[in-house]
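# Inside the fold
Here are the chains, one letter per residue:
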Amino acid sequence: MARMSADERRESVIRAAMHEFARGGYYGTSTEAIAKRVGVSQPYLFRLFPNKPAIFLAAAERCLRDTRAVFAEAAEGLHGEEATHAMANAYTRLIAEDPDKLQMQLQMYVTVAAAEAAGDHELGEVVRKGWMELWDTVHVPFGGDVGETTTFMAYGMLINTLAAMGFPPEHRVWEGLYPSARAQGRLEK
(Lines give C-alpha, C1' and ligand atoms only; values in the text may rest on other atoms or scores of the structure.)
Protein backbone atom coordinates (compact mmCIF):
# COMPACT_ATOMS: atom_id res chain seq x y z
CA MET A 1 0.00 0.00 0.00
CA ALA A 2 1.44 3.36 -1.06
CA ARG A 3 1.95 6.07 1.52
CA MET A 4 -0.31 9.07 1.32
CA SER A 5 1.15 12.38 0.31
CA ALA A 6 0.77 15.36 2.64
CA ASP A 7 -2.00 16.69 0.37
CA GLU A 8 -3.86 13.39 0.50
CA ARG A 9 -3.44 13.23 4.28
CA ARG A 10 -4.64 16.85 4.55
CA GLU A 11 -7.73 15.89 2.55
CA SER A 12 -8.32 12.97 4.93
CA VAL A 13 -8.06 15.35 7.89
CA ILE A 14 -10.63 17.72 6.36
CA ARG A 15 -13.10 14.87 5.79
CA ALA A 16 -12.53 13.51 9.29
CA ALA A 17 -12.81 16.98 10.81
CA MET A 18 -16.11 17.60 9.03
CA HIS A 19 -17.46 14.39 10.49
CA GLU A 20 -16.19 15.05 14.00
CA PHE A 21 -17.18 18.73 14.09
CA ALA A 22 -20.60 17.87 12.63
CA ARG A 23 -21.18 15.50 15.54
CA GLY A 24 -19.53 17.35 18.42
CA GLY A 25 -19.30 20.97 17.39
CA TYR A 26 -16.18 23.07 17.60
CA TYR A 27 -15.96 23.14 21.38
CA GLY A 28 -16.93 19.51 21.87
CA THR A 29 -14.47 18.08 19.34
CA SER A 30 -10.87 17.42 20.24
CA THR A 31 -8.02 17.41 17.79
CA GLU A 32 -7.18 14.04 19.29
CA ALA A 33 -10.51 12.66 17.98
CA ILE A 34 -9.77 14.02 14.51
CA ALA A 35 -6.23 12.61 14.52
CA LYS A 36 -7.52 9.23 15.70
CA ARG A 37 -10.19 9.13 12.96
CA VAL A 38 -7.49 9.79 10.34
CA GLY A 39 -4.97 7.45 11.95
CA VAL A 40 -2.26 10.03 12.59
CA SER A 41 -0.69 11.52 15.68
CA GLN A 42 -1.67 14.95 16.96
CA PRO A 43 1.83 16.32 16.22
CA TYR A 44 1.42 15.19 12.60
CA LEU A 45 -2.03 16.80 12.48
CA PHE A 46 -0.43 20.08 13.53
CA ARG A 47 2.16 19.79 10.77
CA LEU A 48 -0.74 19.83 8.32
CA PHE A 49 -2.73 22.57 10.08
CA PRO A 50 -1.35 25.16 12.51
CA ASN A 51 -4.18 24.82 15.05
CA LYS A 52 -7.73 23.69 15.73
CA PRO A 53 -9.35 26.86 14.32
CA ALA A 54 -7.52 26.27 11.01
CA ILE A 55 -8.86 22.72 10.89
CA PHE A 56 -12.39 23.96 11.59
CA LEU A 57 -12.10 26.65 8.91
CA ALA A 58 -10.91 24.10 6.35
CA ALA A 59 -13.88 21.85 7.19
CA ALA A 60 -16.31 24.79 7.05
CA GLU A 61 -14.95 25.99 3.71
CA ARG A 62 -15.21 22.46 2.30
CA CYS A 63 -18.79 22.07 3.49
CA LEU A 64 -19.82 25.34 1.87
CA ARG A 65 -17.88 24.59 -1.33
CA ASP A 66 -19.49 21.14 -1.64
CA THR A 67 -22.94 22.67 -1.14
CA ARG A 68 -22.25 25.35 -3.77
CA ALA A 69 -21.16 22.65 -6.21
CA VAL A 70 -24.43 20.76 -5.65
CA PHE A 71 -26.46 23.90 -6.39
CA ALA A 72 -24.38 24.87 -9.43
CA GLU A 73 -24.54 21.41 -10.96
CA ALA A 74 -28.28 21.06 -10.34
CA ALA A 75 -29.10 24.45 -11.87
CA GLU A 76 -26.77 24.23 -14.85
CA GLY A 77 -28.64 25.54 -17.88
CA LEU A 78 -31.84 26.11 -15.90
CA HIS A 79 -33.57 29.29 -14.78
CA GLY A 80 -36.45 30.36 -12.56
CA GLU A 81 -38.81 27.68 -11.33
CA GLU A 82 -36.92 24.85 -13.06
CA ALA A 83 -33.73 25.92 -11.27
CA THR A 84 -35.62 26.25 -7.98
CA HIS A 85 -36.90 22.69 -8.11
CA ALA A 86 -33.63 21.22 -9.34
CA MET A 87 -31.60 22.93 -6.60
CA ALA A 88 -34.17 22.14 -3.88
CA ASN A 89 -34.17 18.48 -4.84
CA ALA A 90 -30.39 18.30 -5.09
CA TYR A 91 -29.89 19.97 -1.73
CA THR A 92 -32.42 17.85 0.11
CA ARG A 93 -30.86 14.72 -1.41
CA LEU A 94 -27.45 15.96 -0.25
CA ILE A 95 -28.47 16.36 3.38
CA ALA A 96 -30.41 13.08 3.32
CA GLU A 97 -27.46 11.15 1.89
CA ASP A 98 -24.74 12.99 3.82
CA PRO A 99 -26.17 14.23 7.13
CA ASP A 100 -22.73 15.53 8.13
CA LYS A 101 -23.21 18.34 5.59
CA LEU A 102 -26.31 19.58 7.39
CA GLN A 103 -24.83 19.13 10.85
CA MET A 104 -21.61 20.88 9.84
CA GLN A 105 -23.59 23.85 8.53
CA LEU A 106 -25.48 24.12 11.80
CA GLN A 107 -22.25 23.81 13.79
CA MET A 108 -20.71 26.58 11.67
CA TYR A 109 -23.51 28.98 12.59
CA VAL A 110 -23.24 28.18 16.30
CA THR A 111 -19.46 28.45 16.28
CA VAL A 112 -19.51 31.76 14.42
CA ALA A 113 -22.05 33.18 16.87
CA ALA A 114 -19.92 32.09 19.84
CA ALA A 115 -16.73 33.46 18.28
CA GLU A 116 -18.38 36.77 17.41
CA ALA A 117 -19.71 37.08 20.97
CA ALA A 118 -16.17 36.53 22.24
CA GLY A 119 -14.81 39.22 19.92
CA ASP A 120 -13.18 36.84 17.43
CA HIS A 121 -14.30 37.90 13.96
CA GLU A 122 -11.94 35.87 11.74
CA LEU A 123 -14.09 32.74 11.68
CA GLY A 124 -17.22 34.75 10.96
CA GLU A 125 -15.53 36.57 8.09
CA VAL A 126 -14.52 33.29 6.44
CA VAL A 127 -17.91 31.63 6.93
CA ARG A 128 -19.83 34.73 5.80
CA LYS A 129 -17.66 34.91 2.68
CA GLY A 130 -18.42 31.27 1.90
CA TRP A 131 -22.12 31.79 2.57
CA MET A 132 -22.18 34.79 0.23
CA GLU A 133 -20.57 32.65 -2.46
CA LEU A 134 -23.38 30.16 -1.84
CA TRP A 135 -25.90 33.01 -2.17
CA ASP A 136 -24.30 34.14 -5.43
CA THR A 137 -24.38 30.59 -6.82
CA VAL A 138 -28.15 30.48 -6.22
CA HIS A 139 -28.67 34.09 -7.31
CA VAL A 140 -27.49 33.52 -10.91
CA PRO A 141 -30.14 30.96 -11.97
CA PHE A 142 -32.78 33.35 -10.62
CA GLY A 143 -31.58 36.02 -13.02
CA GLY A 144 -30.29 38.12 -10.15
CA ASP A 145 -33.74 38.38 -8.58
CA VAL A 146 -33.09 39.17 -4.91
CA GLY A 147 -36.62 38.16 -3.86
CA GLU A 148 -36.35 34.74 -5.50
CA THR A 149 -32.90 34.17 -4.03
CA THR A 150 -34.08 35.21 -0.56
CA THR A 151 -37.12 32.94 -0.76
CA PHE A 152 -35.03 29.99 -1.90
CA MET A 153 -32.45 30.48 0.84
CA ALA A 154 -35.20 30.92 3.44
CA TYR A 155 -36.80 27.64 2.37
CA GLY A 156 -33.36 26.02 2.60
CA MET A 157 -32.91 27.22 6.17
CA LEU A 158 -36.39 25.90 7.00
CA ILE A 159 -35.46 22.54 5.51
CA ASN A 160 -32.26 22.58 7.61
CA THR A 161 -34.25 23.26 10.76
CA LEU A 162 -36.95 20.67 10.12
CA ALA A 163 -34.44 18.01 9.12
CA ALA A 164 -32.20 18.74 12.12
CA MET A 165 -35.15 18.44 14.47
CA GLY A 166 -36.01 15.07 12.96
CA PHE A 167 -39.51 15.76 11.66
CA PRO A 168 -40.58 12.59 9.82
CA PRO A 169 -41.29 12.86 6.07
CA GLU A 170 -45.04 12.50 6.52
CA HIS A 171 -45.32 15.27 9.13
CA ARG A 172 -47.57 18.20 8.19
CA VAL A 173 -44.75 20.75 8.66
CA TRP A 174 -43.34 19.66 5.29
CA GLU A 175 -46.52 20.51 3.40
CA GLY A 176 -45.69 24.15 2.70
CA LEU A 177 -42.42 23.46 0.90
CA TYR A 178 -41.86 23.53 -2.83
CA PRO A 179 -43.83 20.62 -4.31
CA SER A 180 -40.71 18.90 -5.62
CA ALA A 181 -38.87 19.27 -2.33
CA ARG A 182 -41.95 18.02 -0.51
CA ALA A 183 -42.09 14.93 -2.70
CA GLN A 184 -38.38 14.10 -2.96
CA GLY A 185 -36.52 16.14 -0.44
CA ARG A 186 -37.91 15.13 2.87
CA LEU A 187 -35.49 12.97 4.73
CA GLU A 188 -36.75 9.52 4.02
CA LYS A 189 -35.67 6.83 6.39
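Scroll up for the structure.
Notes on the structure in this doc start here.

Criteria and thresholds
- Numbers given to residues run from 1 along each chain, matching the order in which its sequence is written.
- With the structure being a predicted model, the display of local features is reserved for residues of pLDDT at least 70 and the display and counting of side-chain atom pairs for 80 or more, all residues being used for whole-chain, interface and lining totals.
- Side-chain numbers here rest on the full set of heavy atoms in the structure, without hydrogens or water.
- Salt-bridge detection follows one rule: a side-chain nitrogen of Lys or Arg within 4 Å of a carboxyl oxygen of Asp or Glu.
- Elements are defined by DSSP. Helices are runs of H or I of four residues or more, strands are runs of E of two residues or more, and each kind is numbered from the N terminus.
- We call a residue buried when its accessible area falls under 20% of the maximum for its residue type, exposed when it is over 50%, and partly exposed in between, using a 1.4 Å probe and counting protein chains only.
- We call Phe, Tyr and Trp rings a pair once their centres come within 6.5 Å, taking the six-membered ring for Trp, and we label the pair stacked below 30 degrees between planes, edge-to-face above 60, and tilted otherwise.
- Throughout this description, the term charge over a ring refers to an Arg CZ or Lys NZ atom that lies within 6 Å of the ring centre and within 35 degrees of the ring normal.

### As for the pattern of salt bridges
Between side chains of opposite charge, pairing is possible as soon as their charged atoms come close. Under the counting rule described, the total for this entry stands at nine salt bridges. Glu11 is paired through a salt bridge with Arg62; the nearest N and O atoms lie 2.5 Å apart. Of the two residues, Glu11 is situated in helix 1 (residues 6-28) and Arg62 in helix 4 (residues 52-75); the sequence distance between them amounts to 51 residues. For Lys101, the salt bridge goes to Asp98, with nearest N and O atoms at 2.9 Å. For Lys101, a relative accessible area of 6% puts it in the buried group. Here Asp98 falls in the partly exposed class, since its relative accessible area comes to 25%. Beyond isolated ion pairs, a larger network of salt bridges with shared partners links Glu11, Arg15 and Arg62.

### Observations regarding the packing of aromatic side chains
Tallied over the entire structure, the rule returns eight aromatic pairs. Joined through ring pairs, the aromatic side chains of Phe21, Tyr26, Tyr27 and Phe56 make up one cluster. In this structure, Lys52 is placed above the aromatic ring of Tyr26, and the distance from its NZ or CZ to the ring centre is 4.6 Å.

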